[in-house]
Amino acid sequence: MTVSWESPRLRVGFVMLHTSPLDVPGTKDAGGMNVVVRAQAEALARSGHTVRIFTRRADQESAPRVTLAPGLQVVHLDAGPARLLAKAEHEPVMVAFGAQLAAELERDPVDVLHAEHWFSGIAALPVARQQQIPLVQSFHSIAVAEESEQPGERPESPGRLAGERRLAREADLLIAVSAAERDTIIADLGGDPERVRVVPLGVDTELFRPCAKRECAERQDWFAHGGRAEVLAVGRLHPLKGFDLALDAVAQIPAEQRPALRIVGAPPPDGDEYARELHEQAARLGILATTAFEGALRRTDLAERIRRATLVLVPSHTETFGLVALEAAASGIPVIARAAGGLREAVLDEVTGLLVTEEDPAAWAAAITELLGDPERMAAMGAAARAHALTRSWSASAEELLTAYAGLLGAHSAA
Ligand code: UDP
């Protein structure tokens, strides 16, 4: 079977058990994975392929099928209680979800199954084998053992570490979003290098755009009249995102130069302890008056926030990629990010922003002060960042995905 980007009507089934493409990123457990799956699915559907995204029903109201665009449907499968579950509660519903998926695919088959995150992969693996459908796996994040010294997501339920290793060995193709993730899949999960492929992520450069002339003039006027610069940090309020480092760093900058700090994002469903700690920390540091916790923002509001910011900080302990860094680049805003995981690829050091290796708030404060004090360098970085982002469309990302599917389908039918 030959499949090319032009061949219409490849039937793709994305499996997304624990979070829905309809969830608003920044809320519940929705984040980068939701943005990526939705954008790639939309791009595939625009090119004439038929895409269904299978997710767990997490409320009573949603229709069984929701059409998002021509050729693109979200299918709600009944597995476990029809309410929002904490991430840790999904492992026991994997089997029921797999059974529903099998029944659905028997009625209406797909050519390829693409599982997102390990819950989905383990649920889909037996279905794929039984129905002889090739299985593609994307991890989005890979857990590290509780006792490990490495930064990273801890397994929130007991089967995760073994489940990820099993998928790395058994899925037909593993898709990584960065070279850093590919290396982890090979080194830590024992994935066969031949079956791991990097598919770079994209960014919507119309939604995330630099501010228009008038908006920019307003900003320059603001600074000319002594207005504070504004640094922004965006993400789910989870300790891995390192927002505490952003607070400490900003607090170290002398009051008269100190930028305002705006944190966008909501706590995950399994707890708001970190969010409370951040509020307490801001109070303790005496920077509450210049710190704003905005909660989650819709995509359009977030895009506006980003292009109005002076700088974006990504202090995450680890990221498989770090979409926010690319969204900031598309908005023409320089990024200061931790030199960790995929952020090393999302930010071009000294070109689209700065990568900071130290965890020391003083090093971060110095990097922030250095850039804020050099508007010309910031403008050059912003322009380079926008140019970089313009090379990363979601259509190009989906095209790479399709090439990967095509190779797999060719091998599968030959076998
Ligand atoms: N996001 C959003 N609204 C918010 C917070 C986050 O739309 O209030 C989006 C953000 O723009 C990005 C995604 O959620 O596209 C987060 O992806 P990232 O790779 O930065 O982190 P992850 O959630 O995968 O850990």
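Rules and cut-offs
- Residues numbered from 1 in each chain as written.
- Predicted model: local features only at pLDDT ≥ 70, side-chain atom pairs only at ≥ 80, totals over all residues.
- Heavy atoms only, no water.
- Helix = DSSP H or I, 4+ residues; strand = E, 2+ residues; numbered from the N terminus.
- Buried < 20%, exposed > 50% of the residue type's maximum accessible area, 1.4 Å probe, protein only.
- Contact = heavy atoms within 4.5 Å.
- Areas by Shrake-Rupley, 256 points an atom, 1.4 Å probe, with all protein chains shown as cover.
- Lys, Arg positive; Asp, Glu negative; His and termini not counted.
- Charge placed at Lys NZ, Arg CZ, Asp CG, Glu CD.
- Pairing = 2+ DSSP bridges.
- Right-handed = clockwise from strand over helix to strand, strands pointing away.
- Axes fitted to C-alpha atoms, helices over the stretch in contact; angles between N-to-C directions.
- Parallel < 35°, antiparallel > 145°, perpendicular 65-115°, else oblique.
- Nonpolar A, V, L, I, M, F, W, Y, C, P; charged D, E, K, R; others polar.
- Phe/Tyr/Trp six-rings, centres within 6.5 Å; stacked < 30°, edge-to-face > 60°.

Going by the annotation in an unreviewed UniProt entry, the name recorded for the protein chain is D-inositol 3-phosphate glycosyltransferase, with Leucobacter luti given as the source organism.

## Describing the overall build of the protein chain
From N to C terminus, the protein chain includes 14 helices and 14 strands. Looking at the protein chain as a whole, 53% of its 415 residues are labelled buried. In the protein chain, the share of contacts with a sequence separation of at least 24, taken over all contacts with a separation of at least 6, comes to 68%. For the protein chain, the accessible surface area stands at approximately 17,300 Å², while carbon and sulfur atoms represent 51% of it. Treating the 42 positive side-chain charges of the protein chain as one cloud and the 57 negative ones as another, the clouds have centres 5 Å apart.

## Some points on the pairing of strand β5 (residues 112-116)
Where burial is concerned, most of β5 is hidden: 5 out of the 5 residues are buried. The alternating pattern of β5 places Val 112, His 114 and Glu 116 on one face and Leu 113 and Ala 115 on the opposite face, and all of these are buried. Looking at chain direction, strand β1 (residues 11-16) and β5 are connected through 4 bridges and run parallel. Looking across to β5, one finds that Phe 14 is bridged to His 114. Here β5 pairs with strand β6 (residues 135-138) via 4 bridges, running parallel. Residue Glu 116 lies in a different strand from β6, and its bridge partner there is Ser 138. Between β5 and its parallel partner β6, the chain crosses via helix α3 (residues 117-130), and the hand of that crossover is right-handed.

## Here we look at the environment of Asp 59
Relative to the helices and strands, Asp 59 is located in the loop between β2 (50-56) and β3 (65-69). Separated by 19 residues in sequence, Asp 59 and Asp 78 place their C-alpha atoms 9.9 Å apart. Apart from residues lying up to four places away in sequence, Asp 59 is in contact with Ala 82 and Arg 83.

## Looking at the packing of helix α7 (residues 243-252) against helix α8 (residues 273-285)
Between α7 and α8, whose axes approach to 10 Å, the crossing angle comes to 10°. Classified by the angle between their axes, α7 and α8 sit roughly parallel to one another. Residue-level inspection shows Phe 243, Asp 244, Leu 247, Asp 248 and Ala 251 of α7 in contact with α8, the latter providing Tyr 274, Leu 278, Gln 281, Ala 282 and Leu 285. Its residues placed into classes, the contact of α7 with α8 shows 7 nonpolar, 1 polar and 2 charged.

## Section: the sheet that holds strand β14 (residues 353-356)
Strands sit in the order β11-β10-β9-β12-β13-β14 across an open sheet of 6 strands; the sheet is parallel. In this open sheet, the two edge strands, each paired with only one partner strand, are β11 (291-295) and β14. Strand-to-strand, the axes of this sheet are offset by a mean angle of 20°, without reference to chain direction.

## Looking at the packing of aromatic side chains
Here the structure, examined in full by the defined rule, presents 1 aromatic pair. With centroids separated by 5.0 Å and ring planes inclined at 35°, the aromatic side chains of Trp 118 and Phe 119 adopt a geometry described as tilted.

## Focus: the side chain of Ser 157
Inspection of the secondary structure assignment puts Ser 157 in the loop between β6 and α4 (160-170). Apart from residues no more than four positions distant in its own chain, Ser 157 is found in contact with Ala 88, Glu 91, Trp 118 and Phe 119.

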